[in-house]
Amino acid sequence: MAATTAAYAKKPRRAGPSPRRRSGSAGPLFVAPFLILFLLLFLAPLGYAAYLSLFQEQLIGGTVFVGLDNYVTALKDPQLLHGVGRVALFFLVQVPLMLLLALLFALALDSGLLWLARVIRLGIFVPYAVPSVVATLMWGYLYGPDFGPFAQLSRNLDLPAPQFLSEGWMLGSLANIVTWEFVGYNMIILYAALRTIPHDLYEAAAMDGAGAWRVAWSIKLPALRPALLLTLLFSVIGSFQLFNEPSLLMKIAPDVISSSYTANLYAYSLAFTGQQVNYAATVSFLLGLVIVIASYAVLLTANRRREK
């Protein structure tokens, strides 16, 4: 028995893989599902769209390779340029107002001075849970010059009905819908960032005699800069991709909103109404380039201000 035990003790054991080697081999397995979906659902369609943008379908000769001719045509297209300019104006007016409201709501909720703060927070966030299609249809009914409640109230008061869907008011009406939808979303991001501020800073400020306004200006706002930058980047992307709201209001006000009212709506109309798939891919790529440039400009401006 002793000899058997000694022989078993001297028998070399098979060395297993080290923990570091096991973790190194398991990492790619966890990342693989994301990489596969990223390749199939993002890179592959993007590459195919880039391929389509280099061709043009002609009545004689069929689909021919034209190189960058589609891009040259798009850069001179007045409908595309007007759509991009209109969306840029929308961004400059709507986004600061939306982020200012989100910031004020977040600071008010974080102050702890509001009654029923959870109910108020939920009420501000609920519009984001409403699908944009439903929200646009609801506001389209409210804007209606014939059947809308604002128009009926104006008639009862012998006042002219407000023309929310007119050419001069349309961009503001769209901005109101988008602001109503996304104030709560941005407010939640800013409020979550406020909740991560250490309470030691508040205690030190209170010992120095700082009031609520001083705390908000010197502690809360500097701590919110990364969150504000994040919401601003999201707003850049969302503004230049404006589609659902104008496409639905176009049914109510076809004389005001055309198929090229926004760049994204223009690309959709080219592809699915005009059957100009190659040119639509070109417009989409140029729109993506505009979004990248605008986002980079925002990041560059924020970094320069931080360095100062």
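Predicted, not measured: the structure shown is a model, and the values here were computed from it.

*Asks:* Give me the lowdown on the overall build of the protein chain, citing residues and values where you can.
*Replies:* On a plain count of helices and strands, the protein chain comes out with 14 helices and two strands. Once the C-alpha set of the protein chain is aligned to its principal axes, its extents read approximately 110 × 75 × 45 Å. Counting across all 308 residues of the protein chain, residues that qualify as buried make up 32%. Contacts in the protein chain between residues at least 24 apart in sequence constitute 66% of all its contacts with a sequence separation of at least 6. Accessible surface, the protein chain as shown: approximately 20000 Å² in total, 68% of it carbon and sulfur.

*Asks:* Describe in detail the environment of Leu224, supporting the description with residues and values.
*Replies:* Within the secondary structure layout, Leu224 lies in the loop between helix H10 (212–223) and helix H11 (225–240). Given a relative accessible area of 0%, Leu224 falls into the buried group. C-alpha separation for the pair Leu224 and Ile189, spaced 35 residues apart in sequence, amounts to 9.7 Å. Excluding residues that lie within four positions of it along the chain, Leu224 makes contacts with Leu103, Leu190, Ala193 and Leu194.

*Asks:* Account for the confidence of the model for the protein chain, with residues named and values stated.
*Replies:* A residue-level look at the protein chain finds 91% of positions with pLDDT of 70 or above and a mean pLDDT of 86. No element of the protein chain has a lower mean pLDDT than helix H1 (residues 2–10), which averages 50, and none a higher one than helix H8 (residues 170–195), which averages 94.

*Asks:* Kindly report on the side chain of Ser235, identifying the contributing residues and their values.
*Replies:* As for its placement among the helices and strands, Ser235 is situated in helix H11. Discounting chain neighbours no more than four positions away, the residues touching Ser235 are Phe91, Val95, Met98, Leu99 and Asn186.

*Asks:* Outline the pattern of salt bridges, listing residues and values.
*Replies:* For the coordinates displayed, the defined rule picks out two salt bridges. The closest approach of N and O atoms between Asp110 and Arg195, which form a salt bridge, is 3.2 Å. Taken together, the residues span a long stretch of sequence, with Asp110 in helix H4 (residues 78–111) and Arg195 in helix H8 at a distance of 85 residues. Residue class for Asp110 comes out buried when judged on its relative accessible area of 12%. When the shortest N-O distance is used, the salt bridge between Lys220 and Asp110 registers 2.9 Å. Residue Lys220 is found in helix H10, and its partner Asp110 is found in helix H4; the two are separated by 110 residues along the sequence. With respect to burial, Lys220 and Asp110 carry one shared label: buried.

*Asks:* If you had to explain unusual backbone geometry to someone new, which residues and values would you point to?
*Replies:* You will see that Asp158, though not glycine, has its phi angle at about 60°, which is positive. You can see Asp158 is positioned in the loop between helix H7 (149–156) and H8. Relative accessible area serves as the criterion here: at 70%, Asp158 is assigned to the exposed category. Unlike most non-glycine residues, Gln275 shows phi in positive territory, near 60°.

*Asks:* I'd love a proper account of the packing of aromatic side chains, names of residues and values included.
*Replies:* Evaluation of the coordinates by the stated rule reveals 17 aromatic pairs. Their ring planes at 65° and their centres at 5.6 Å tell us that Phe150 and Phe164 sit as a pair that is edge-to-face. Placement of the pair is Phe150 in helix H7 and Phe164 in the loop between H7 and H8, with a sequence separation of 14 residues. Since its relative accessible area comes to 17%, Phe164 is described here as buried. Three or more aromatic residues link up through ring pairs in this structure, and these residues are Trp139, Tyr143, Phe150, Phe164, Trp169 and Trp180. Residue placement shows Arg86 over the ring face of Tyr261; its charged tip is 4.4 Å from the ring centre.

*Asks:* Describe helix H6 (residues 132–143), with residues and values.
*Replies:* Between the first and last C-alpha of H6 there are 16 Å, a value that for 12 residues agrees with the 16 Å anticipated at 1.5 Å per step. When we look at burial in H6, the residues that qualify are Ala135, Thr136, Trp139, Gly140 and Tyr143. The arc that holds every buried residue of H6, seen down its axis, measures 135°, which confines them to one face.

*Asks:* So what's going on with helix H12 (residues 244–252)? Which residues, and what values?
*Replies:* Along H12, the residues classified as buried are Glu245, Pro246, Ser247 and Leu249. Each element contacted by the buried residues of H12 is listed here: H6, H8 and helix H13 (263–272).

*Asks:* Can you tell me about the nonpolar core, naming the residues and giving the values?
*Replies:* Leu80, Met187, Leu190, Leu224 and Val283 are the most contacted members of the largest nonpolar core, which has 44 residues in total. For this core, the secondary-structure elements that each account for two or more residues are helix H3 (69–75), H4, H8, helix H9 (199–207), H10, H11, H13 and helix H14 (277–307). The leading source of residues in this core is H4, at 11 residues. Every residue in contact with Leu190, bar those within four places of it in the chain, is listed here: Ala102, Leu103, Ala106, Leu224, Ala227, Leu228 and Thr231. Judged by nonpolar contacts, the second largest core, of 17 residues, contains Phe90, Tyr143, Leu174 and Leu242.

Criteria and thresholds
- Residues numbered from 1 in each chain as written.
- Predicted model: local features only at pLDDT ≥ 70, side-chain atom pairs only at ≥ 80, totals over all residues.
- Heavy atoms only, no water.
- Helix = DSSP H or I, 4+ residues; strand = E, 2+ residues; numbered from the N terminus.
- Buried < 20%, exposed > 50% of the residue type's maximum accessible area, 1.4 Å probe, protein only.
- Contact = heavy atoms within 4.5 Å.
- Areas by Shrake-Rupley, 256 points an atom, 1.4 Å probe, with all protein chains shown as cover.
- pLDDT = per-residue confidence, 0-100.
- Salt bridge = Lys/Arg side-chain N within 4 Å of Asp/Glu carboxyl O.
- Phe/Tyr/Trp six-rings, centres within 6.5 Å; stacked < 30°, edge-to-face > 60°.
- Lys NZ or Arg CZ within 6 Å of the ring centre and 35° of its normal.
- Expected span 1.5 Å × (residues − 1).
- Arc of directions from axis to C-beta.
- Core = buried A, V, L, I, M, F, W, Y, C linked by side-chain atoms within 4.5 Å.

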